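Summary of structural features
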Amino acid sequence: MKIALVNPPWTFDGSIYFGCREPHLPLELGYTRAMLEAAGHEVLLIDAHLQAIDSADAAALVADFSPAMTVVTTAPTYLFWRCAQPELRVPAAFIRDLNRRGGLVVAVGPHGSTTPGPTLRKLKADAVVMGECEEVVAALADAGGRSAMTRVAATAWIDRDGTLRVNGTGHASRFTDLPPLAWPDDWVRRHRHHHHRFDAAPDGPGAEVEASRGCPYACTFCAKLDFRDRYRRRDLNLLLAEIDRLIAQGVTYLYFIDEIFLPQKPLLEALVARDIRFGIQTRIDLWKPDMLALLGRAGCVSIEAGVESLTVAGRAALDKRCRIGTDELTRLLITAREHVPFVQANLIGTPEDDPAEVSAWRDLVQGQGVWANDPVPLYPYPASPQYRQMWGLPDDHAWERAHDHYLAAFDRFSDIQDERPVALARLEAACGR
Ligand code: SF4
């Protein structure tokens, strides 16, 4: 079967999106391509964001390929599934431009994973995959034909009579044995961005890789209940083969997209032996001083650590399950900074934290070289425990409800947002036409 895989050309004007707007490697589509090709399928992979192709041209390329199935993602790569833009206008525009020239149109991403019905209607897609997508898309291709969804679990579609059909629940990939990805040289050359790096300007291409997926915690604000939830660790030899290929292509910086990069001595020792710098996101309470030293020796130049609240009560309200106190967290952050040139402590605006104390703590750690952000408000993503505590299971209006709550409840926004975000209905005005 011929299958097109598409990361559309993202724009975020007016969005609440606070993730990075640079292109990143579409790992989910890379794995999908590897699995499809291993099964004998013919694949066209387009990253319109990285390749700077507009929506109409991307659709024309797909139409020329004449696939039996076209897969489009609704989030700008796995890295941002937990904090995706709520609006679906970009993938909807691509599907509109494709204009039924791409065979069965399947959407993958966090939106269809949590709210398949509204996602199908807004996108006018034929099917959505619920949960992690690589194995499900491969199964859809193997099942073949327009009714493949009825034979493949973790899919949803709308029948001719307008009824939503859901086959199974969200999928969690095995992940551990995903093959080493091989990206085209020209894609790697184009990838000049070093994600979340602040210690130095890029000295070569960057790339994203994945050593583990999921996280054993369930913080209330974390939108991963429907995907990337259960913790799994990838086979180290497969990961190192991918990293060595990237280094051979000239990559000088890696970003591990892992939800939680846990201390893993064999991986860190393997990185010590390689000429590469890298960035991670983690929980500082899970590290010991000797492992932080090894992390620095391995080439880590950027740590983003979720501290969230400076009080035991605040962390408990967020269900952080943090076993150490604020003083020890502070010491670990400062120790990390002795070995790694950029360390960020993420804070969230909580009622338990006194703004004056937060300000004093920020000054304290910044005096030791640790960056701490001005506490940001939470977006109650439908895939988060917080959403379900507030409103129950997500329904057809879940994204609009979360969006309206966010716009109404907060009068100041993340410091990377210059413009006030607008209502979801306005952002998606062209969806579903
Ligand atoms: S530790 Fe991080 S990844 Fe894990 S649930 Fe909490 S916020 Fe999410």
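Look a little higher up for the structure.
Quick summary incoming for the structure in this document. Just so it is clear, the model here is predicted, and its values are computed rather than measured. (Residues numbered from 1 in each chain as written. Predicted model: local features only at pLDDT ≥ 70, side-chain atom pairs only at ≥ 80, totals over all residues. Heavy atoms only, no water.)

What about the pairing of strand β4 (residues 104–108)?
The criterion, for reference: Between buried and exposed lies partly exposed: a residue is buried under 20% and exposed over 50% of the maximum accessible area for its type, with that area taken using a 1.4 Å probe on protein chains only. Only DSSP runs of H or I covering at least 4 residues are called helices, and only runs of E covering at least 2 are called strands; the numbering of each starts at the N terminus. Pairing between two strands requires that DSSP report at least two bridges joining them.
Across the 5 residues of β4, 5 count as buried, placing the element largely inside the fold. What you see with β4 is no split at all: L104, V106 and V108 on one side and V105 and A107 on the other are buried throughout. Bridge analysis of β4 against strand β5 (residues 127–129) gives 2 bridges, and the strand direction is parallel. Its bridge partner being in β5, V106 is matched across the sheet by A127.

Considerations on the environment of R230
Applicable threshold: Should any heavy atoms of two residues lie within 4.5 Å, those residues are considered in contact.
Structurally, R230 can be placed in the loop between β9 (212–213) and β10 (232–233). Measuring from C-alpha to C-alpha, the distance between R230 and K265 comes to 21 Å, with 35 residues separating the pair along the chain. When residues no more than four places from it in sequence are discounted, the contact partners of R230 are A172, S173, R213, G214 and C215.

Considerations on the site of the ligand
Short version of the rule: Nearness is defined per residue: one heavy atom within 4 Å of the molecule or strand is enough. Following the grouping adopted for this structure description, the nonpolar residues are Ala, Val, Leu, Ile, Met, Phe, Trp, Tyr, Cys and Pro, the charged ones are Asp, Glu, Lys and Arg, and the polar ones are all others, Gly among them.
In the vicinity of the ligand, the contacting residues are R82, C215, Y217, A218, C219, F221, C222, K224, E259 and R283. Grouping the constituent residues of the shell around the ligand by class yields 6 nonpolar, no polar and 4 charged.

Brief notes about the state of the cysteines
In plain terms, the rule: For the purposes of this analysis, a disulfide is any pair of cysteine sulfur atoms at a distance within 2.5 Å.
Within this structure, the stated rule accounts for 0 disulfides. Residue C83 stays outside any disulfide, its sulfur separated by 9.6 Å from that of C222, the closest cysteine. Among the cysteines around C322, which has no disulfide bond, C219 carries the closest sulfur, lying 9.6 Å off.

Some thoughts on the environment of Y381
Rules: Polar contact is the term for a pair of N or O atoms within 3.5 Å; when the atoms are in protein, one must be able to donate a hydrogen and the other to accept it, and sequence-neighboring residues count only if both atoms are side-chain atoms.
Take Y381: it is sitting in the loop between β15 (370–372) and α14 (385–391). Contacts of Y381, omitting those with residues within four sequence positions, involve I16, F18, R82, C83, A84, A223, Y387 and W399. Here the side chain of Y381 touches A84 through a polar contact of 2.7 Å, landing on its backbone oxygen.

Quick word on the pairing of strand β8 (residues 206–209)
A two-sided burial pattern is seen for β8, the buried positions comprising G206 and E208 on one face and A207 and V209 on the other. By the bridge criterion, 4 bridges tie β8 to strand β11 (residues 253–256) in an arrangement that is parallel. Note on β11: the bridge partner recorded for E208 is Y255.

Some details on the sheet that holds strand β2 (residues 42–47)
This is how it is decided: Axes, fitted as lines to C-alpha atoms, cover a helix only where it is in contact. Angles between the N-to-C directions of the axes lie from 0 to 180 degrees.
Taken together, the 7 strands give an open sheet; going across it, the order is β2-β1-β3-β4-β5-β6-β7, and neighbouring strands pair in mixed fashion. Single-partner strands in this sheet number two, and they are β2 and β7 (164–167). When strand polarity is set aside, the average angle formed by the axes of neighbouring strands in this sheet is 20°. Its contacts with the sheet put helix α2 (residues 55–65) on β1 (2–7), β2 and β3 (69–73), and the angle it makes with β2 is roughly 175°. Packing against the sheet, helix α3 (residues 89–98) makes contact with β1, β3 and β4, and its axis sits at approximately 160° to β3.

Details of the nonpolar core
We apply this condition: We define a nonpolar core as any set of buried Ala, Val, Leu, Ile, Met, Phe, Trp, Tyr and Cys residues linked to one another through side-chain atoms lying within 4.5 Å.
In this structure, F256, F278 and L295 are the most contacted members of the largest nonpolar core, which totals 107 residues. Excluding its chain neighbours within four sequence positions, the residues that come into contact with F256 are V209, A211, L239, I243, F261, L267, L271, F278, G279 and I280. One finds A4, A58, A59 and F94 within the second-largest nonpolar core, a separate group that totals 24 residues.

Some details on the packing of helix α8 (residues 236–248) against helix α9 (residues 265–272)
Worth spelling out the cut-off: The labels follow the angle: roughly parallel below 35 degrees, roughly antiparallel above 145, roughly perpendicular from 65 to 115, and oblique for the rest. Handedness of a helix crossing follows the sense of rotation of the near helix relative to the far helix, less than a right angle counterclockwise being left-handed and clockwise being right-handed.
Between α8 and α9, the shortest axis-to-axis distance is 11 Å and the interhelical angle comes to 25°. Our classification of the angle between α8 and α9 gives roughly parallel. Considering the relative orientation of α8 and α9, their crossing is right-handed. Residues L236, L239, L240 and I243 of α8 lie in contact with α9, whose contacting residues are P266, L267, A270 and L271. By residue class, the composition of the contact of α8 with α9 is 8 nonpolar, no polar and no charged.

Shape is all these values report; function is a separate question.
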